[in-house]
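Examining the three-dimensional arrangement
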Amino acid sequence: MSNKLILVLNCGSSSMKGAVLDNDTGEVLLSCLGDKLILPDAFITFKINGEKHTVDLKDKPNHTGAVEALLHELEAHGLRDRIAAIGHRVVSGGELYSESVLIDNDVIAGIEKCITLAPLHNPAHLLGIRAAMKVFGSLPNVAVFDTAFHQTMPEHAYTYAIPRELYRKYGLRRYGAHGTSYRFVADETARFLGKDKKDLRMVIAHLGNGASIAAVANGQCQDTSMGLTPLEGLVMGTRSGDIDPSVFSFLAQNANMNITQITDLLNKKSGLLGISELSNDCRTIEEEAAKGHEGAKLALEIFAYRLAKYVASMSVASGGIDALVFTGGIGENSNLIRSKVMGYLGFLGLKEDAKANEAARFGNAGIISAEGSPVCAVVIPTNEELMIAHDTARLSGL
Ligand code: ADP
């Protein structure tokens, strides 16, 4: 066990997720979730040694209050002095950051500059960063960007076919997301398969509530499905993914909806939820589909079909495909979705090993394609917090 621990923070506008990790073993010693941080009934829940308890934040219902409560909790468990650095998840680093950085005033200004690209997230991250700097004093703080891994995409992959002036003026282009997860999973896949990652052409599907896919070759991202925002690409829990942009004018003219309402519909009421008319949760949908619910069955089919189409198109970006990697809550657990996707990709010679597919669930990595399959399908659990902890330790000189 290492003596030095890393605190990882992921701040939303009214929430704060935190974890204290041993950077060597990956063990999580404490986790917390602060919520309603702008309301009088703000609170933070701590989980330590398998036990949970909640602390009221009504005297300071904000991010500073949450970080102070976390500091007290760490002191109470004798962990405060072992915290050596703090890593912050930051949604957008735009084109400014292609890797993680030690935070100073210039980096704070850089994260501020990227607010137009992540108007909900970056301001919240800044609240968390400022609170951590204030409460934890001299500890180094590191920013780890969701977009950084995707900065290696070639121009032809990140440029939209719209007037180029819009890119020059507003930075309007594909940025992608889930980059920290892809970086972790690409490394883990190479390790798991006993290959050098530079020799592996991978298509990685990160399938959580938000879902995206990336092509990785030469150890670098070549293309990804999320775009300027996370709305583009795959079918997700509540997001539509790719859709004809004319849906905006169609709904404006026929359903009397405005831009905000349509954006909300495509982000929050679509995807698995919109199709199934039941839930955004894949587990629930699988249960109901098994009982014969038509909407649930269709939702699963569309999810898998669209994903398979994307695997094929991402193989163009990676120049072929040696490994198809599933990760994220759905990717790591749903052998049904994986089976359907492999079925659609049978034309590549990809064949499922049904037993292995069944076994690779609940945190178990595994090869799920049959022996001799020209494409190796594999399940690799992601761990974004650990990747953030590794970067934080490295950049803090630990
Ligand atoms: P987030 O993007 O919020 O981090 P997760 O990566 O935790 O999301 O993934 C959440 C998704 O994973 C949900 O749709 C959930 O239903 C799905 N999921 C989790 N466990 C299973 C399971 N055993 N079978 C099918 N889907 C699962």
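Calculation rules
- Residues numbered from 1 in each chain as written.
- Predicted model: local features only at pLDDT ≥ 70, side-chain atom pairs only at ≥ 80, totals over all residues.
- Heavy atoms only, no water.
- Helix = DSSP H or I, 4+ residues; strand = E, 2+ residues; numbered from the N terminus.
- Rg over C-alpha atoms; globule rule 2.2 N^0.38 Å.
- Buried < 20%, exposed > 50% of the residue type's maximum accessible area, 1.4 Å probe, protein only.
- Contact = heavy atoms within 4.5 Å.
- Areas by Shrake-Rupley, 256 points an atom, 1.4 Å probe, with all protein chains shown as cover.
- Lys, Arg positive; Asp, Glu negative; His and termini not counted.
- Charge placed at Lys NZ, Arg CZ, Asp CG, Glu CD.
- Polar contact = N/O pair within 3.5 Å; in protein donor to acceptor, adjacent residues only side chain to side chain.
- Pairing = 2+ DSSP bridges.

Glancing now at the overall build of the protein chain. For the protein chain, the count of helices and strands is 15 helices and 14 strands. Taken over C-alpha atoms, the radius of gyration comes to 21 Å for the protein chain, in line with the 21 Å a tight globule of 398 residues would show. In terms of overall dimensions, the protein chain has C-alpha extents of about 55 × 55 × 45 Å along its principal axes. Burial status across the protein chain gives 51% buried among its 398 residues. Sequence-distant contacts in the protein chain: of pairs separated by 6 or more residues, those separated by 24 or more amount to 61%. When the accessible surface of the protein chain is totalled, it reaches about 18,300 Å², and 52% of it is carbon and sulfur. For the protein chain, the distance from the average site of its 38 positive side-chain charges to the average site of its 45 negative ones is 2 Å.

With respect to the secondary-structure elements, Ser92 resides in the loop between β6 (83-90) and β7 (101-102). Overall, Ser92 belongs to the buried group, its relative accessible area being 4%. Only 3.2 Å separates the side chain of Ser92 from the backbone nitrogen of Gly94, close enough to count as a polar contact. Ignoring sequence-local partners within four residues, the contact set of Ser92 consists of Cys114, Leu117, Ala118, Asn122, Phe145 and Thr147.

Across the five residues that make up strand β8 (residues 141-145), a large majority, five, are buried. Because side chains alternate across β8, one face comprises the buried residues Asn141, Ala143 and Phe145, and the other comprises Val142 and Val144, equally buried. The pairing of β6 with β8 spans five bridges and is classified as parallel. When the bridges of β8 are listed, Gly87 appears paired with Val142. Note: β7 against β8, two bridges, orientation antiparallel. Of the residues in β8, the one forming a bridge with Leu102 is Val142.

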